[in-house]
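# Chains, contacts and geometry: an overview
Residues per chain, in single letters:
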Amino acid sequence: MASLKLNDVAKSYGEVDVLKDIDLDIRQGELIVFVGPSGCGKSTLLRMIAGLEKITGGTLEIDGQVVNEVPPAQRGIAMVFQSYALYPHMTVRDNMAFALKLAKKSKPEIDAAVTAAAEKLQLTPYLDRLPKALSGGQRQRVAIGRSIVRDPKVYLFDEPLSNLDAALRVATRLEIAQLKESMPDRTMIYVTHDQVEAMTLASRIVVLANKGISQVGTPLDLYLKPANTFVAQFIGSPAMNLLPARITGTGEDTRLRLPSGAEMTVPIPSPASLRDAAVALGVRPENLRVAADGDTVLVQSKVQITEKLGEVTVVYMDPVRAFEGDDGQTIAKLPGIHRISAGTPLDLAADPQDMHVFHQGKSLHYLEARS
Amino acid sequence: MDNIAGQKSSFVWASNIATLTLVLLWIIPTLGLFVSSFRDRDQISASGWWKAPFAVELTARGRTGADTAPEGDHFSVSGNIFDDREARAAFTGDPGAVSAFGIKGAEPRAFQVGTTADLGGGETLTVNPDGSYVWVTPEDPGNRGKRIYFAAKSPPKLTLANYRTVLTSDNMSRAFMNTLTVAVPATIIPILVAAFAAYSLAWMEFKIRGLLIAGIVGLLVVPIQLALVPVLNLHNAVGIGQSFPGIWLAHTGFGMPLAVYLLRNYMAGLPRDIIECARVDGATDFQIFVKIILPLSLPALASFAIFQFLWTWNDLLVAKVFLPSADEYKVMTVKIADDLLGSRGGDWGILAAAAFVSIAVPLAVFFSLQRFLVRGLLAGSVK
Amino acid sequence: MNPVFQGLTTIVLGVSGCIAYFYTSNLVLDRVLYPARGPRITENIARANQIRPWLFIFPALFVLFVYLAYPVVGSAFRSLFNRSGADFIGLGNYVALLQSPDFRRAFLNNALWALFVPAASVAFGLLAAQLTDKLAWGNAAKSLIFMPMAISFVGASLIWKFVYAVDSDIGLVNAILLGLFGVGPVDVLQIPFWNNFFLMFILIWIQTGFAMVILSAALRGIPEETVEAAIIDGANPFQTFFRIKVPQIFPTIVVVWTTITVGSLKIFDIVYATTGGNFGTEILPSYMMSFMFRDDGRATAVALVIMIIVLPVMISNIRQAQKEIR
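Rules and cut-offs
Residues numbered from 1 in each chain as written. Chains lettered and ligands numbered in written order. Predicted model: local features only at pLDDT ≥ 70, side-chain atom pairs only at ≥ 80, totals over all residues. Heavy atoms only, no water. Helix = DSSP H or I, 4+ residues; strand = E, 2+ residues; numbered from the N terminus. Buried < 20%, exposed > 50% of the residue type's maximum accessible area, 1.4 Å probe, protein only. Areas by Shrake-Rupley, 256 points an atom, 1.4 Å probe, with all protein chains shown as cover. Lys, Arg positive; Asp, Glu negative; His and termini not counted. Charge placed at Lys NZ, Arg CZ, Asp CG, Glu CD. Domains from an automatic or database assignment. Contact = heavy atoms within 4.5 Å. Buried area = accessible area lost by both parts, 1.4 Å probe. Pairing = 2+ DSSP bridges. Salt bridge = Lys/Arg side-chain N within 4 Å of Asp/Glu carboxyl O. Polar contact = N/O pair within 3.5 Å; in protein donor to acceptor, adjacent residues only side chain to side chain. Core = buried A, V, L, I, M, F, W, Y, C linked by side-chain atoms within 4.5 Å. Axes fitted to C-alpha atoms, helices over the stretch in contact; angles between N-to-C directions. Parallel < 35°, antiparallel > 145°, perpendicular 65-115°, else oblique. Left-handed = near helix turned anticlockwise from the far one by under 90°. Nonpolar A, V, L, I, M, F, W, Y, C, P; charged D, E, K, R; others polar. Arc of directions from axis to C-beta. Phe/Tyr/Trp six-rings, centres within 6.5 Å; stacked < 30°, edge-to-face > 60°. Lys NZ or Arg CZ within 6 Å of the ring centre and 35° of its normal. pLDDT = per-residue confidence, 0-100.

### Observations concerning the overall build of chain A
A count of helical and extended segments in chain A gives 9 helices and 21 strands. C-alpha extents for chain A along the principal axes are approximately 75 × 45 × 35 Å. The proportion of buried residues among the 371 residues of chain A is 51%. Accessible surface, chain A: about 16,500 Å² in total, of which carbon and sulfur atoms supply 50%. With 41 positive and 43 negative side-chain charges, chain A shows a separation of 6 Å between the mean positions of the two kinds.

### Quick look at the domain arrangement of chain A
Often, the extent of an interface is quoted as the loss of accessible area on bringing the components together. Residue and element names in this part refer to chain A. By domain assignment, chain A separates into domain 1 (4-232) and domain 2 (239-370). Taking only C-alpha atoms into account, the centre of domain 1 sits 38 Å from that of domain 2. Contact with domain 1, which involves 10 residues of that partner, is made by 11 residues of domain 2. Roughly 910 Å² of surface becomes buried between domain 1 and domain 2 when both sides are summed, with 55% attributable to carbon and sulfur atoms. Looking at the side of domain 1 facing domain 2, the largest losses of area belong to Y223, T229 and A232, adding up to 50% of the total buried there.

### So, unusual backbone geometry
Residue and element names in this part refer to chain A. Of the consecutive residues S237 and P238, the connecting peptide bond is found in the cis state with omega at -5°. Residue placement: P238 occurs in the loop between helix 8 (229-234) and strand 11 (241-249). Residues other than glycine seldom take positive phi values, yet D8 does so here, at roughly 55°. As for its placement among the helices and strands, D8 is situated in strand 1 (residues 4-13).

### Re the sheet that holds strand 12 (residues 254-257) of chain A
Residue and element names in this part refer to chain A. Read across the sheet, 6 strands follow the order 13-12-11-14-20-21 without closing on themselves; strand pairing throughout is antiparallel. Looking along the sheet, the strands with just one partner apiece sit at the ends: strand 13 (263-266) and strand 21 (362-363). For strand 14 (residues 278-283) and strand 20 (residues 355-359), the ladder comprises 4 bridges, and the chain directions are antiparallel. Across the sheet, A280 pairs through a bridge with F358, a residue of strand 20.

### Here's the deal with the interface of chain C and chain B
Taken residue by residue, the interface counts 108 residues in chain C and 112 residues in chain B. Approximately 9,700 Å² of surface area, both sides summed, lies buried where chain C meets chain B, with 82% of it carried by carbon and sulfur atoms. Our count for the contact surface shared by chain C and chain B stands at 1 salt bridge. One salt bridge in this structure joins D285 of chain B and R52 of chain C, with 3.7 Å as the shortest N-O distance. At the surface where chain C touches chain B, the tally comes to 9 residue pairs in polar contact (both at pLDDT 80 or more).

### What to know about the nonpolar core
Judged by nonpolar contacts, the single largest core of 239 residues is most densely connected at F34 of chain A together with M267 and F322 of chain B. Sequence-distant contacts of F34 of chain A, defined by excluding residues within four places in its chain, comprise L24, K42, L45, L46, I49, I189, Y190, V191, T192, V206 and L208 of chain A. The next biggest cluster of nonpolar side chains, apart from the first, holds 42 residues, and it includes L134, V142, L161 and V207 of chain A.

### What about the pairing of strand 2 (residues 16-26) of chain A?
All names here are of chain A. Here strand 1 runs beside strand 2; their pairing, made up of 7 bridges, is antiparallel. Along strand 2, the bridge assignment pairs V9 with I22. Hairpin connection of strand 1 to strand 2: 2 residues between the antiparallel strands, including G14 at a positive phi of 65°.

### Structural notes on the packing of helix 1 (residues 9-36) of chain B against helix 5 (residues 138-146) of chain C
Where helix 1 of chain B contacts helix 5 of chain C, the two axes come as close as 9 Å, and the packing angle between them is 30°. With respect to each other, helix 1 of chain B and helix 5 of chain C are oriented roughly parallel. For helix 1 of chain B against helix 5 of chain C, the interelement crossing comes out left-handed. The segment helix 1 of chain B lies against helix 5 of chain C, with T19, L22, V23, W26 and I27 of chain B engaging A141, L144 and I145 of chain C. In terms of residue class, the contact of helix 1 of chain B with helix 5 of chain C is made up of 7 nonpolar, 1 polar and no charged.

### Some words on helix 3 (residues 92-99) of chain C
All names here are of chain C. Regarding helix 3, the residues found buried are N93, Y94 and L97. All buried residues of helix 3 fall inside an arc of 100° around its axis, so they share one side. For helix 3, the exposed residues lying more than 90 degrees away from the buried face are L98 and Q99. On its buried face, helix 3 is in contact with helix 4 (101-133), helix 13 (284-289) and helix 14 (296-325).

### Observations concerning the sheet that holds strand 3 (residues 74-80) of chain B
Residues and elements named next belong to chain B. Read across the open sheet, the 5 strands follow the order 2-3-8-7-6; overall the sheet is antiparallel. The open sheet is flanked by strand 2 (69-71) and strand 6 (116-120), the only strands paired with a single partner. For this sheet the average axis-to-axis angle between neighbouring strands, irrespective of direction, equals 25°. Strand direction decides the pairing type here: strand 7 (residues 123-127) and strand 8 (residues 132-137), joined by 4 bridges, are antiparallel. Residue T124 lies in a different strand from strand 8, and its bridge partner there is V136.

### Considering the packing of aromatic side chains
Enumeration over the complete set of coordinates arrives at 48 aromatic pairs over all chains. An angle of 35° between the planes, with centres 5.6 Å apart, marks the rings of F157 of chain A and Y190 of chain A as tilted. Within this pair, whereas F157 of chain A is found in strand 7 (residues 154-158), its partner Y190 of chain A is found in strand 8 (residues 187-191), the two being separated by 33 residues in sequence. With relative accessibility at 1%, the residue Y190 of chain A sits in the buried group. Ring-pair connections join several aromatic residues into one group, and the members of that group are F196, Y199, F286 and F289 of chain B together with Y21, F22, Y23 and F56 of chain C. If you follow R146 of chain A out to its NZ or CZ, it ends over the ring of Y87 of chain A, 4.8 Å from the centre. The lysine or arginine in question, R371 of chain B, covers the ring of F372 of chain B, its NZ or CZ lying 4.6 Å from the ring centre.

### A closer look at the packing of helix 5 of chain C against helix 8 (residues 194-221) of chain C
Residue and element names in this part refer to chain C. One can describe the packing of helix 5 onto helix 8 by two numbers: an axis separation of 8 Å at closest approach and a directional angle of 145°. Facing helix 5, whose interface residues are K142, I145 and F146, helix 8 presents T208, G209, F210, M212, V213, S216 and R220. Classifying every residue of the contact of helix 5 with helix 8 by side-chain character gives 5 nonpolar, 3 polar and 2 charged.

### Examining the pattern of salt bridges
According to the stated counting rule, one finds 29 salt bridges over all chains in the structure shown. In this structure, R289 of chain A and D295 of chain A form a salt bridge, with 3.1 Å as the shortest nitrogen-oxygen distance. Ionic pairing is found between K320 of chain B and D338 of chain B, a salt bridge with its closest N-O pair at 2.9 Å. Of this pair, K320 of chain B sits in helix 12 (residues 317-322) while D338 of chain B sits in helix 13 (residues 332-343), and the two are 18 residues apart along the sequence. Three or more residues joined by partner-sharing salt bridges are found here, namely K11, R47 and E53 of chain A together with R272 and E276 of chain B.

### Topic: the environment of L158 of chain C
As for its placement among the helices and strands, L158 of chain C is situated in helix 6 (residues 153-163). Residues contacting L158 of chain C, with those up to four places away along its chain left out, are L33, I336, L341, W348, L351 and A355 of chain B.

### Focus: the confidence of the model for chain B
The predicted coordinates of low-pLDDT regions are not to be read in fine detail. Residues and elements named next belong to chain B. Averaged over every residue, the pLDDT of chain B is 85; the share at 70 or more is 96%. Mean pLDDT across the secondary structure elements of chain B bottoms out at strand 2, with 74, and peaks at helix 12, with 93. Taken over the whole predicted complex, pTM reads 0.83, whereas the ipTM for its chain interfaces reads 0.90.

Right under this line is the structure:
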């Protein structure tokens, strides 16, 4: 009952394009997360869906209806703002009832809706308080409660957790996940810059960068098969290592010459036209290991600094031979505690199935599908 | 910053003393007039207000009695000068000791008290500190006593007589009501008009919005002098003339730029999220204004109301131009500036009382609502 | 009709009239002109939202136009006509003004006011703001220094006329002169030239509180770290004040300065209530009032001169506002 379709949606302020060519299908009951670096336009996109920003190109459909010119209140949406946007002069009860009162709902109807929402969010004892007498977490829940009361088709969340401290953020994240679970047919769109929130909450993630959509997919899709170097480095922490390599053989599998000079075959298909092409070889820090006897050495390096976190040790390394077109640093995340002093030479290896190959920034995984 | 080690205590002392000096310099003039408004007019001209707690030496005159019996070759009259009505009336409280006396108006302190003054021709006069006297004269005084001039301490006396005079005989009560009649409507009416305009300039999108805001900032400094002649002519042309409705309209117009500017600055500072949230909740612009913006803007509305009230209450110029000059239309500032300073130029007790009648209300507003006033000032000038 | 009753009626009528106007005009727009229903709902809503700002702003704009914008033009126009308004005399009124020694006197005095009053008010205000900032009784002190702001110019004139009174048993100035220096009574309001300063001081007395309040807020707004850094760098309190604090609040000082300057060009009450413009104390606003009701041509010409003096401030304020909006 609530699907959204964005066709070629664009936003510009005068001459300046903020977003363009946004195509996206959102199915009913999905929890879609928009992520991206600050300034990528993810909040703007959400506000366009809400109707708070004019859409300057393309169409937005909700349930098959073009709603470009429909005012926010008639779109069947509710929005939770980053600052909560509670009305400071109204009690919790009045805050939650405001939209229903404006819609001229009957008094018993309003009371029932407010009571139910308050119950669900454990806000019943605070109904007659003003927002300033609530803690940050409670305010956040009032903001969510205010949207529940309206029973919208689509929930919009604009970085709802960024004003909370770390512990509360985890707790509220779980509450939002439970909320979604309790309303499987409601669609939610959630904006965040925190990839952990994105990975844990989303049924699908939309990564926005460079005024457009970089990749859409389930959290694991993005982790396992990032479509481009941007997504590869944006999802996962520390970011994926990108090492220079050259394709020496194409076909069902691809043969690569590694920075160490050794050659290796990875199970990714490549077209013949890419033979001899310079590519970026992506390996996540957690997939790197210290090369054992018989391993193909990926890169030879020298330890710069180690960060011992207990469960893992993060090792920052410089390559022994500087290679072209790279900032040079390689990061490995080794399980357990390792005491390695600076300057120690270290040979690194990884399994072929954990490797990603990017040609001109795009993943070979998706190359065939596209061409 | 109070915790910094090694701060010199002499410096702290110096700033305390400097502040005290400044504060004293700033309040002493007002204090002086305030004290004087409670003093008797004779005392005001006899000693400075800073001596108000002390007795004042006043000179007065009286006449002795004339009941006498011949004692040999002369007549002797005795009694107390303070029994004389004229002498007594010169002192508001219980008179203090007589310090000197005389028999000529020009020399009221010719003789020391307690001594017997030889007045020539066998006539003598003795006046004691308590006012008792003995007058010995060779001629029968008949029924006419002797004129005595004397100086005596008059104890300090505070009185509400000046206020009574001002409010009853000088028509100040009428002027007070007129001021109130001008100030209250001229404060209330612009607020709502300005608030709607401020909201549209702060939160609604339309083409020449920026231009209008700039225009209002420009009008903020237009001297009122410029408006006097054309607006008065306009009022005369449409039949309002010089009248209360005329001055209400004038004050509304002259206060409007500040009202719109102040309220717009404040409203523009309200969180965008709240307004957008209300919009998502289904509120129209009118509902957003009434249910969200107005309640949240109360501090700014109060600030402006205080400004406008003080300004209209204290105004002289607009009242002189837009109200008729007849006495029944005079507001207090006009009354003081045009009437009292002229007709009662030297009567400081009355002037002081009149001044305090006119500044009592603004001072009360000031001290009780200072918080809003400061906030408004800051919103209006600091960016 | 009793003016008090008339006042109450006006309040009720005025306020309810405003409410009725805003409410019904909105209603008409949303229900009658562009109803939010039917096949053209989105178009109608968009149109209504284009018109609505004008409904909201119209009454204010109307009042601003009639009482401030039109009079600028109206005064300029009227100043080109003679006393009765019947004959066009071009710049005749201005020529007459330039030839009048009284006008020159008033102009020069006003220039003196416009220079001295803001300078002294800002200096006193800055001093008071800095002194009271750290004191335990600072807020009480501020309140007392700020108090004259609530007093009318007429009331203030009366208060200071009392201080300046010639009789040394009444006026504090003469009592001090007599008590400390044994100098005979002086009427300070009649000392040529210097009497202007005694009048200006009345306005300074009023405006210092204004300057103090705003500068004090600005001083508090200075990041404390910069002051602490200066102290660690070895600056003494005076150096901290003049080299660290004052430069940081300079923009605010400019705002306060210009606001007081504009005020000192417009205030006629003080001169009117103390000297009546005699003894060489005339300034432009009081000079204008001497023509009011008698020669509108000459009066508007003087008003226009005041306007021209204020114009640079006006232009810079508008520029500033445009910068802030963008």
